[in-house]
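Here is what each chain is made of, one letter per residue.
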Amino acid sequence: MELNFSADSPPIHVIAAAKIAGIAVVAKPALASGSSPILTLSNGQRLQGAHVILRYVGRIASLPDFYGQDAYHSSQIDEWLDYAPIFGSGSEFEGACSSVDEYLLQNTFLVGNSLSIADVAIWAGLAGAGLRWESLRKSKKYQNLVRWFNSISAEYDAVLSEIVATYLGKKGSTKAVTSKLKEPQSSNSRSTGVENGVQSTFEVDLPYAEVGKVKLRFAPEPSGYLHIGHSKAALLNQYFAERYKGQLIVRFDDTNPDKESSEFVDNLLKDIETLGIKYNAVTYTSDYFPQLMEMAEKLIQEGKAYVDDTPREKMQHERMEGIESKCRGNTVEENFKLWKEMIAGSDRGLMCCLRGKLDMQDPNKSLRDPVYYRCNLTPHHRIGSRYKIYPTYDFCCPFVDAVEGITHALRSSEYHDRNDQYYRIQNDMGFRKVHIYEFSRLNMVYTLLSKRKLLWFVQNGKVESWDDPRFPTVQGIVRRGLKVEALIQFILEQGASKNLNLMEWDKLWAINKKIIDPVCPRHTAVIEERRVLLILTDGPKDPFVRILAKHKKYEGAGEKAVTFSNRIWIDYADAELISANEEVTLKDWGNAIVKEIKKDENGIVTQLVGVLHLEGNVKKTKLKLTWLADTNELVKLTLVDFDYLITKKKLEEDEDFVDVVNPCTKTETLALGESDMRNLKRGDVIQLERKGYYRCDAPLVRSSKPIVLFAIPDGKQQTVAK
């Protein structure tokens, strides 16, 4: 039989089912984009439509009950086939995972007691979700679903691994790729990596890529910590490496000793591990310094590079105007003489730089004799003072990419104008072409991503360090309370689009809320300032304790001991809303009627007196109050909230960021928390009832020192900057 389908929409579940069942089917991507798959039988008859063909495969398979053991089971399978496409919906993906996970709590397979085409269809939907599903597999969120998925993957590993490598991620495959990436057709297919014929939907493919032969590199400069913008590059590299069963190298581009340090190297590796990036090796551009110098001398010898002692400002002017340097005509001997002065770091050498002899009249100014080497007497963080000259990024990047066997270099579109330079330099060096693949830089509102500007905040004491929760660094946003799964999902939804977008933080935090809310424990706190005592005259004079769930819908959150007393604290903000003789609800206890409201001479509420009315209807009360029993077991809290570091949504190119630095970016509020919070550990995420989500940054050390909780945005909260 022959299965024809469009290249942008391979029916993975059909191909997988046929392979598992041992049915001989020749699969050919021979149909036009958007066409339904067609199965041609050996007698020439045809069937059209993915689910129609899948059911046919189920019926003719020799596997027992592959399409159900009776009419009822077959109908159940049909229900699952209708449900499967929901895994291609970004907004409903996790809801679908949750539903199937709950179903699999008491079921080994989706229908009956053996594998069916229903299992294959749902498996294909999850596998097609790429990193979004992979991140959930690594968590403990959907244990039943992961158990089921892994068992099928292990049972049919050879078949399914081949299918994933060959087909998964093709444009529009069951719409399962979480990114659902959109971009207009490119007019420059060579430099963007988009091949002819690609229409409105981004194809999650690399041009000229072969499964098992792709080699990529993520090349951060160790001059700061990894930030959210770098994360996009790192995750896209990993996505393509996994997509093509290729290799991924982490390479530190350490060619500027003025800015780089071992501290940054160590923390970048930490950040890469935090993101779950799997790499095959760690290399350094500095490993190739001897070969880079040999290449520079080769280019000098061939007349493709020259040493220039033109002052920097004049050189910049000449490049802008297309004026050739007076040194461009130096002889090879003159160039080598000055080159040796540069190597020695002499006074004469310090006046010079090495430039490539490309094309000073090219409209693309990056080709106007770029600088290849400069002198620098600052010791290097790895190799000390061995060298007095260092290669520029423009020179070493095409060299090291070629030498390390990189097949595809992922670069953000801000480097687009330098792509021709990259290819020209590689050609002058005599190397094969490394394919450049572009994606848009991730820009966030009210956010600076320049490491130079972020360093200014560190050096001027505006933040604590590079992991400050106000920073867009991976360590900063994780310390603020962001789950890495949320970051991965957010970045994959942006995908490899080349459209420049200014993204809202609200969307990222909203994704994060969906991840933490179903599982994080609930606790109670009362703001310390002006807190009000409510005396319940008929309440328990001898306090008693009840064991309550920390999360009513998630047993895994555990339990806590809650004290009940006739003296309870409530927030002042709640107290001033209460009227005399009003019935209110005390959460997790019942109703009470406030009989008396005491105030001071300024009208400030100082105390409330009331009686319990536990038989009252909680649905009819206007106020639902959180409260804490007045005991010496309460713990001190510091609730910390943060705002953006700058007050302007987007800086113009010529605008000085110092002019829009936010004067107030951190607020602290003292509070009291229930006794169970003394068990919090650093990094724990909780919800304070009616106050929001928090991450524990400093757990309890001694009773006199408060627990420090950082407020986690939920995508809805308004900030000062807004």
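Rules behind the numbers
- Residues numbered from 1 in each chain as written.
- Predicted model: local features only at pLDDT ≥ 70, side-chain atom pairs only at ≥ 80, totals over all residues.
- Heavy atoms only, no water.
- Helix = DSSP H or I, 4+ residues; strand = E, 2+ residues; numbered from the N terminus.
- 1 Å grid on protein atoms, 1.4 Å probe; cavity = no way out; pocket = protein on both sides within 12 Å on 5 of 7 lines; lining within 4 Å.
- Points joined across faces, edges and corners; volume = space filled by probe spheres on them.
- Nonpolar A, V, L, I, M, F, W, Y, C, P; charged D, E, K, R; others polar.
- UniProt positions renumbered as here; feature names shortened; annotations may be inferred.
- Pairing = 2+ DSSP bridges.
- Axes fitted to C-alpha atoms, helices over the stretch in contact; angles between N-to-C directions.
- Contact = heavy atoms within 4.5 Å.
- Disulfide = S-S within 2.5 Å.
- Salt bridge = Lys/Arg side-chain N within 4 Å of Asp/Glu carboxyl O.
- Phe/Tyr/Trp six-rings, centres within 6.5 Å; stacked < 30°, edge-to-face > 60°.
- Buried < 20%, exposed > 50% of the residue type's maximum accessible area, 1.4 Å probe, protein only.
- Lys NZ or Arg CZ within 6 Å of the ring centre and 35° of its normal.
- Right-handed = clockwise from strand over helix to strand, strands pointing away.

Draft legend 1. Just the environment of valine 658, in detail. Note that valine 658 resides in the loop between strand S27 (635-642) and strand S28 (666-673). Separated by 12 residues in the primary sequence, valine 658 and isoleucine 646 place their C-alpha atoms 8.5 Å from one another.

Draft legend 2. Structural view of the layout of surface pockets. Counted as a void, the second largest pocket has a volume near 840 Å³. Together, 32 residues line the second largest pocket, and Lys483, Glu485, Gly683, Asp684 and Val685 are the ones closest to its centre. The set of elements that each furnish at least two residues to the lining of the second largest pocket consists of helix H11 (262-274), helix H18 (474-480), helix H19 (484-494), helix H20 (505-516) and strand S29 (685-688). By residue number, the principal contributor to the lining of the second largest pocket is H18, which donates four residues. Per-class residue counts for the lining of the second largest pocket are 14 nonpolar, seven polar and 11 charged.

Draft legend 3. Quick look at the UniProt feature "domain: tRNA synthetases class I (E and Q) anti-codon binding" (unreviewed entry) in the protein chain. As annotated in UniProt, the feature "domain: tRNA synthetases class I (E and Q) anti-codon binding" (unreviewed entry) corresponds to residues 624-697 in the numbering used here. Regarding residues 624-697, the helix share stands at 0% and the strand share at 41%, and the terminal C-alpha atoms are separated by 29 Å.

Draft legend 4. Up close: the sheet that holds strand S11 (residues 389-391). If you walk across this open sheet you meet the four strands as S8-S9-S10-S11, and the pairing is antiparallel. Bordering the open sheet on either side are strand S8 (305-308) and S11, each of which pairs with just one other strand. Neighbour-to-neighbour, the strand axes of the sheet open up by a mean angle of 20°, direction not taken into account. Pairing between strand S10 (residues 371-375) and S11: three bridges, direction antiparallel. For cysteine 375, the partnering residue across the bridge sits in S11 and is isoleucine 389.

Draft legend 5. Seen up close, the environment of glutamate 485. Within the fold, glutamate 485 resides in helix H19. Taking C-alpha positions, glutamate 485 is 9.7 Å from glycine 276, a pair spaced 209 residues apart along the chain. With near-sequence residues (within four places) excluded, glutamate 485 lies in contact with Ser135, Ser139 and Ile515.

Draft legend 6. Highlighting the state of the cysteines. Counted according to the given criterion, the structure contains zero disulfides. Free of any disulfide, cysteine 353 has its nearest cysteine sulfur in cysteine 352, 7.6 Å distant.

Draft legend 7. Representation of the pattern of salt bridges in the model. In this structure the tally under the stated criterion is 39 salt bridges. Two residues, aspartate 630 and arginine 567, come together in a salt bridge whose shortest N-O distance is 3.3 Å. Placement of the pair is aspartate 630 in the loop between strand S26 (628-629) and S27 and arginine 567 in strand S21 (residues 567-570), with a sequence separation of 63 residues. Measuring nitrogen to oxygen at the nearest pair gives 2.6 Å for the salt bridge that ties lysine 691 to aspartate 571. Here the residue lysine 691 occupies a position in the loop between S29 and strand S30 (692-698), and aspartate 571 occupies one in the loop between S21 and helix H21 (572-575), the gap between them amounting to 120 residues. Within the structure, one salt-bridge network assembled from shared partners comprises Glu464, Asp467, Arg479, Lys666, Glu668, Arg682, Arg695 and Asp697.

Draft legend 8. Main features of the packing of aromatic side chains. This structure, assessed with the given rule, holds 31 aromatic pairs. Between tyrosine 446 and tyrosine 644, the ring centres sit 4.6 Å apart and the planes meet at 15°, which makes this aromatic pair stacked. On the criterion of sequence distance, the pair formed by tyrosine 446 in the loop between strand S14 (443-444) and helix H17 (451-459) and tyrosine 644 in the loop between S27 and S28 is long-range, its members being 198 residues apart. For the pair formed by tyrosine 446 and tyrosine 644, the shared burial category is buried. Grouped by ring-pair contacts, the aromatic residues Tyr225, Phe264, Trp456, Phe457, Trp466, Phe471 and Phe657 constitute a single cluster. Across the ring face of tyrosine 244, the terminal group of arginine 243 is positioned such that the distance to the ring centre comes to 4.6 Å. Above the face of the tyrosine 423 ring, lysine 433 is positioned so that its terminal group lies 4.7 Å from the ring centre.

Draft legend 9. Representation of the sheet that holds strand S5 (residues 215-218) in the model. Read from one edge to the other, the open sheet built from three strands follows the order S5-S6-S7, with strand pairing classed as parallel. The open sheet has two edge strands with one neighbour each: S5 and strand S7 (281-284). When strand polarity is set aside, the average angle formed by the axes of neighbouring strands in this sheet is 30°. Two strands pair when backbone bridges link them, and strand S6 (residues 247-252) and S7 are joined in this way by four bridges, in the parallel orientation. Considered in S7, the bridge of phenylalanine 252 is made with tyrosine 284.

Draft legend 10. The arrangement of the pairing of strand S2 (residues 26-31) in detail. Direction of pairing for strand S1 (residues 2-6) relative to S2: parallel, over a ladder of four bridges. Paired with serine 6 across the two strands is leucine 31, which belongs to S2. Taken together, S1, helix H1 (residues 12-21) and S2 form a β-α-β motif whose crossover is right-handed.

Draft legend 11. Focus on empty space enclosed by the protein. Inspection of every chain in the model, using the stated rule, returns eight cavities of 30 Å³ or more. A volume near 230 Å³ is recorded for the largest cavity. The wall of the largest cavity is formed by 18 residues, among which Thr524, Val562, Trp627, Leu628 and Glu674 lie closest to the centre. Counting residues per element, the ones that place at least two in the lining of the largest cavity are strand S20 (559-564) and S26. The element best represented in the lining of the largest cavity is S20, accounting for four residues.

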